[in-house]
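An overview of the molecular structure
Now for the letters of each chain:
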Amino acid sequence: MDFWLGIDCGGTFIKAAIYDSKGKEYGNFRQNLTIINAKPGWAERNLTALWAACAEVIAGAIQSAKIAAEAIKGVGISAQGKGLYLLDKQKQPLGYGIISADQRALDIVKQWQADGIPQTLYPLTRQTLWTGHPVSILRWLKEHEPERYAQIGSVLMTHDYLRFCLTGEIACEETNISESNLYNMQTGQYDPKLAQLLGIDDIMPALPPIVGSSQIAGYITEQAAKQTGLKAGTAVVGGLFDVVSTALCAGLDDESKLNAVLGTWSVVSGITNHIDDSQALPFVYGRHAQQGEFIVHEASPTSAANLEWFTKQWNVNDYNAINQAVAALPKAESSVLFVPFLYGSNAGLGMQAGFYGLQSLHTQDHLWQAIYEGVIFSLAYHLERMLQRFPKTSVIRVTGGPARSPVWMQILADLTGLPIEIPQIEETGCLGAALMAMVGNQVFSDSKQAQHVVSAQMKRIEPDSTVYDKYQNKYKKYKLLLESLKHFNNHCND
């Protein structure tokens with residue numbers, strides 16, 4: 001029997017799981033990843049430690065599945081997008097990896113915005129421009145660490161680095177690099193004009209070849225085989241940007257469905273076969289795993305990581321107890337509002353997190369409820385915009401940690417008035433990556449066929465129409481609070 005290994009490297013965990021060609025999972029393993037915050041706004045990762053963790057979860061998954069390494073016919077990697085992982089000219093890690101939540105380039109992005117650079121780039125890249133993009137970090141390095149910048153040999157993203165560790169081959173995978181602001185969405189290639197506009201045109205020689213999601217990009221080396229337990233010579237495919245992976249597992253195949261991902265980031269994605277130039281909003285497009293299709297998405301680091309931070313501060317580990325506490329409170333009646341901007345904002349550069357509306361009658365349970373609501377309110381900002389691009393949406397399919405909470409999902413259904421469907425897949429990132437390995441090994445002709453063969457069962461949550469108005473009213477108050485905080489933030493930064 002043949003098996004495929006999928007690796008998923010996210011903001012807080014790295015995971016590996018093993019599947020057959022029907023999508024049945026046989027074993028998995030996960031490990032926590034440390035984010036290094038050396039300075040305010042910095043978010044980094046030790047690359048040597050990251051590879052060691054990747055090797056350990058692969059070995060753990062193989063042991064969990066109790067199968068022979070020879071039975072694993074292919075490997076795929078799904079990973080967090082954006083950020084910057086550098087190799088020097090000797091193919092050695094060049095400092096820490098910088099993840100997408102990093103905000104060191106804030107002043108550079110503000111200046112680019114003032115100069116109208118994003119509007120100039122958008123027709124070519126179909127991207128916005130913010131601190132976590134590779135180009136923003138590269139420009140910061142050029143200005144602040146010129147010696148390190150001069151040593152850059154290869155510009156990579158997360159799964160590109162891990163694939164290099166597995167295979168020794170250097171390449172950038174298309175669904176991820178297409179959203180770097182170095183890639184021209186019209187030509188499907190790197191564009192020197194983009195790098196020149198951003199003042200980093202000397203980086204072009206360090207941009208690796210582009211590979212497709214299911215394209216075989218290399219083979220497990222002898223050294224990697226010893227570290228992971230995989231068989232040397234096993235094929236490794238390009239892999240996926242994790243929002244593409246979850247969209248595949250959520251069954252997105254037309255414009256009637258949206259996928260909301262709630263994890264470190266809040267992401268809302270849709271699939272289309274065309275770029276719609278009639279839209280007034282600058283929607284972000286990226287290459288999809290299926291040839292000829294695009295993934296459209298809105299995203300911000302304003303999701304469940306906020307809850308994780310508070311559980312650590314308050315030393316609370318019982319999520320069932322949190323769910324019960326929130327469920328016991330009247331819906332949308334508390335005056336407490338939470339702005340979920342601990343790791344970044346979708347309301348303005350430099351915006352920060354906080355509670356508002358606290359009174360002496362409130363308890364910790366009201367704060368839990370406010371965190372749940374605040375994360376959903378922040379997601380709703382992206383949903384409102386995406387519904388303009390996908391007006392035929394009839395269902396929202398949710399993936400990520402909060403999808404395990406019926407209480408949290410009911411809030412989303414009640415606020416939007418739309419049914420929520422939750423794919424019954426434990427690890428969408430791992431499965432999506434494994435699907436690409438199956439396509440690369442010609443088990444399936446393309447990602448659409450793979451998606452339909454392993455389509456998941458859905459748990460459905462219907463909205464409670466009796467509280468729709470209550471949630472909409474509280475959401476309006478949330479938006480008014482954000483407007484006030486914007487003025488405060490801008491005044492403080494003047």
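Reading the values: the criteria
Residues numbered from 1 in each chain as written. Predicted model: local features only at pLDDT ≥ 70, side-chain atom pairs only at ≥ 80, totals over all residues. Heavy atoms only, no water. Core = buried A, V, L, I, M, F, W, Y, C linked by side-chain atoms within 4.5 Å. Buried < 20%, exposed > 50% of the residue type's maximum accessible area, 1.4 Å probe, protein only. Helix = DSSP H or I, 4+ residues; strand = E, 2+ residues; numbered from the N terminus. Domains from an automatic or database assignment. Contact = heavy atoms within 4.5 Å. UniProt positions renumbered as here; feature names shortened; annotations may be inferred. Pairing = 2+ DSSP bridges. Axes fitted to C-alpha atoms, helices over the stretch in contact; angles between N-to-C directions.

1. A look at the nonpolar core
Among the nonpolar cores identified, the biggest contains 134 residues, and Leu-5, Ile-7, Ile-14 and Tyr-161 are the most heavily contacted of them. Ranked by residue count, the leading element in this core is helix α13 (residues 364–389), at 12 residues. When residues of this core are sorted by domain, at least three fall in each of domain 1 (3–238) and domain 2 (250–493). With sequence-adjacent residues up to four places away left out, Tyr-161 is seen in contact with Leu-47, Thr-48, Leu-50, Trp-51, Tyr-85, Leu-87, Pro-93 and Leu-156.

2. Remarks on the UniProt feature "domain: Carbohydrate kinase FGGY N-terminal" (unreviewed entry) in the chain
Annotation from UniProt places "domain: Carbohydrate kinase FGGY N-terminal" (unreviewed entry) at residues 4–249. Span residues 4–249 is 36% helix and 24% strand, its end C-alpha atoms 16 Å apart.

3. Observations regarding the sheet that holds strand β19 (residues 294–300)
Strand order across the open sheet formed by seven strands is β18-β19-β17-β16-β22-β23-β24, with mixed pairing between neighbours. The open sheet terminates on both sides in strands that have one partner only, identified here as β18 (284–287) and β24 (458–461). Strand-to-strand twist in this sheet, taken as the mean axis angle between neighbours without regard to direction, amounts to 30°. Where strand β16 (residues 257–262) meets strand β22 (residues 395–399), five bridges bridge the pair, whose relative direction is parallel. In the sheet register, Leu-258 faces β22, and the bridge partner there is Ile-396. Across the sheet, helix α10 (residues 242–249) touches β16, β17 (266–272), β18, β19, β22 and β23 (420–423), and the angle it forms with β19 is around 115°.

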